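An overview of the molecular structure
If you want the building blocks of each chain, they are given just below.
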Amino acid sequence: MWPSNPPCYKDKVGKYAEATHVLHKQLIEAISESLGLEKDYLQEQTEEGSQVMAVNCYPACPEPEITLGMPPHSDFGSLTILLQSSQGLQIMDSNKNWISVPYIEGALIVQLGDQVEVMSNGIYKSVIHRVTVNKDYKRLSFASLHSLPLHKRISPAPELVGNNAPAYGEFSFNDFLDYISSNDCVQQRFIDTLKKSNS
C-alpha cells in the first residue's frame, strides 16, 4: 500500500527498502560469522523473512521534558536499520542510563533485535531504545524492521549452547503477539519472559 502523494514516494522509498533488504542479508551473514557459525547459517530464514518500513514523524513539542516520542522497548525482529533526520533516538547502556545517539547526516543506525539475542544465546543483546522529542524541530525516521519468518520458532543456535542448557526458550511471532495483547510491554519486555533462570 503506497500513498499517492508525493508522486516520487513509491519509487524512492521502494529503492531504499530494496537496498536495506540487501544490507540486512549482509549484516546477518557478518553476525553469523562473528559467532563462529557458517556465513549462511540464517540464509534461508533471511530470504523467507519479512521487512516492514515504519516511517514516523515526531512533531516539535512545546514540553519535551514530559513527553516521549516512543516509550522504551526492544524490537522483536532480527535487525532494525534506521535513517533519521535529526537527533532523538536514545539507547539504554548496561548501567541502565539513557545515551543519546548522535545525529550524523545520511548515516544508518543498526539495532539488534530480540531474535538475534535469542539465536546468539545471549552473546549479543537486543537494543533497548526510546525516542525523545524536541521543542524546536520535528524529526522524521525511516525504520526498516527485519524479521526472520513469522511462522519460524526461534531458539538458540545449538552450536552456541554446547553442553550447557540454552539461556532462552524458543518462541514464534504468535507467542510475541499473544504476549503484547495481554501484557504491559513497558513493565516487562517479551524477551525477558524467555530467559531461563540459569542465564
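Nothing here was measured: the structure is a model prediction, and the numbers come from that model.

1. Notes on the side chain of Ser86
Within the secondary structure, Ser86 sits in the loop between strand 3 (79-84) and strand 4 (89-92). Not counting residues within four places of it along the chain, the set of residues in contact with Ser86 comprises Tyr103, Tyr137, Lys138 and Arg139.

2. Re the layout of surface pockets
Of the voids in this model, the largest pocket is the one considered here, and its volume is about 320 Å³. Lining the largest pocket are Ile91, Met92, Asp93, Ser94, Lys96, Glu117, Lys125, Ser126, Val127, Ile128, Arg189 and Lys195.

3. Observations concerning the packing of aromatic side chains
Per the counting criterion, the structure on display carries eight aromatic pairs. Taking 5.6 Å as the distance between ring centres and 80 degrees as the angle between the ring planes, the aromatic pair formed by Phe76 and Phe171 counts as edge-to-face. Of this pair, Phe76 sits in the loop between strand 2 (68-73) and strand 3 while Phe171 sits in the loop between helix 4 (158-161) and helix 5 (173-182), and the two are 95 residues apart along the sequence. On the accessibility criterion, Phe76 (9% relative accessible area) is buried. One aromatic cluster is present, built from ring pairs that chain together Phe76, Phe171, Phe173, Phe176, Tyr179 and Phe190.

4. With respect to the UniProt feature "domain: Fe2OG dioxygenase" (unreviewed entry) in the protein chain
According to UniProt, the feature "domain: Fe2OG dioxygenase" (unreviewed entry) maps to residues 49-148 in the numbering used here. Helix makes up 6% of residues 49-148 and strand 45%. Its end C-alpha atoms lie 4 Å apart.

5. Some remarks on the confidence of the model for the protein chain
Taken as a whole, the protein chain shows an average pLDDT of 91; of its residues, 97% reach a score of 70 or greater. Per-element averaging of pLDDT across the protein chain places helix 5 at the bottom with 86 and strand 6 (residues 109-112) at the top with 97.

6. Points about a negative patch on the surface
On the surface, a cluster of negative charge is contributed by Glu33, Glu38, Asp40 and Glu159. A relative accessible area of 47% means that Glu33 is categorised as partly exposed.

Rules used throughout
- Residues numbered from 1 in each chain as written.
- Predicted model: local features only at pLDDT ≥ 70, side-chain atom pairs only at ≥ 80, totals over all residues.
- Heavy atoms only, no water.
- Helix = DSSP H or I, 4+ residues; strand = E, 2+ residues; numbered from the N terminus.
- Contact = heavy atoms within 4.5 Å.
- 1 Å grid on protein atoms, 1.4 Å probe; cavity = no way out; pocket = protein on both sides within 12 Å on 5 of 7 lines; lining within 4 Å.
- Points joined across faces, edges and corners; volume = space filled by probe spheres on them.
- Phe/Tyr/Trp six-rings, centres within 6.5 Å; stacked < 30°, edge-to-face > 60°.
- Buried < 20%, exposed > 50% of the residue type's maximum accessible area, 1.4 Å probe, protein only.
- UniProt positions renumbered as here; feature names shortened; annotations may be inferred.
- pLDDT = per-residue confidence, 0-100.
- Patch = residues over 30% accessible without salt bridge, like charges linked within 9 Å, V, L, I, M, F, W, Y side chains within 5 Å.
- Areas by Shrake-Rupley, 256 points an atom, 1.4 Å probe, with all protein chains shown as cover.
- Salt bridge = Lys/Arg side-chain N within 4 Å of Asp/Glu carboxyl O.
- Lys, Arg positive; Asp, Glu negative; His and termini not counted.
- Charge placed at Lys NZ, Arg CZ, Asp CG, Glu CD.

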